[in-house]
Amino acid sequence: MAYDVLLHPQVDEFLTAADEKTERICRQNLGYLADNPHPSSGRGDKEKLPVDGQVRYRMHIGRTWTAFYDIYEDRDEVRVLEITDIDDAHKRYGD
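### Quick word on the packing of aromatic side chains
Part 1 of the argument: For the structure on display, the rule yields two aromatic pairs.
Part 2 of the argument: Between Tyr57 and Tyr69, the aromatic rings sit 5.5 Å apart at their centres with planes inclined by 20 degrees, giving stacked as the arrangement. Separated by twelve residues along the polypeptide, Tyr57 in strand S3 (residues 54-61) and Tyr69 in strand S4 (residues 65-72) bring together distant segments of the chain. With respect to burial, Tyr57 and Tyr69 carry one shared label: buried.
Part 3 of the argument: If you follow Arg79 out to its NZ or CZ, it ends over the ring of Tyr72, 4.3 Å from the centre.

This is the structure we're talking about:
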């Protein structure tokens, strides 16, 4: 089963403003979510955890960025909500 990977407008803005290498690496990694967005399967360092008081999924992209996303099984969709610096993301886990 393949999922549609949808980007929040702020994620799209981030990628558009990023340098060419960052955009390429981020888009490539986000593309892995289409095959399997669940932790412990498929490609990518993914985990389900509390972020800012809500259960979210996260994917580390390289050693620099973290993408937060939700999975909508009933629609076969993954919605990427945010890409942030990995250090800032680590501070938000468990809130």
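### A look at the pairing of S3
Part 1 of the argument: Among the eight residues of S3, six are classified as buried, and the element is accordingly described as predominantly covered.
Part 2 of the argument: Hairpin remark: strand S2 (residues 45-51) followed by S3, antiparallel, with two residues in the connecting loop; positive phi at Asp52, about 55 degrees.
Part 3 of the argument: Looking at chain direction, S3 and S4 are connected through five bridges and run antiparallel. Paired with Arg58 across the two strands is Phe68, which belongs to S4.

### Considerations on helix H2 (residues 20-35)
Part 1 of the argument: Taking 1.5 Å as the rise per residue, H2 with 16 residues should run 22 Å; its terminal C-alpha atoms sit 24 Å apart, in good agreement.
Part 2 of the argument: Taken together, the buried positions of H2 are Thr22, Cys26, Asn29, Leu30, Tyr32, Leu33 and Ala34.
Part 3 of the argument: Put simply, Asp19 is the residue that caps the front of H2, since its side-chain oxygen is 3.1 Å from the backbone nitrogen of Lys21.

Scoring rules and cut-offs
Residues numbered from 1 in each chain as written. Predicted model: local features only at pLDDT ≥ 70, side-chain atom pairs only at ≥ 80, totals over all residues. Heavy atoms only, no water. Phe/Tyr/Trp six-rings, centres within 6.5 Å; stacked < 30°, edge-to-face > 60°. Helix = DSSP H or I, 4+ residues; strand = E, 2+ residues; numbered from the N terminus. Buried < 20%, exposed > 50% of the residue type's maximum accessible area, 1.4 Å probe, protein only. Lys NZ or Arg CZ within 6 Å of the ring centre and 35° of its normal. Pairing = 2+ DSSP bridges. Expected span 1.5 Å × (residues − 1). Polar contact = N/O pair within 3.5 Å; in protein donor to acceptor, adjacent residues only side chain to side chain.

So far we have only geometry, and geometry alone does not tell us how the molecule works.
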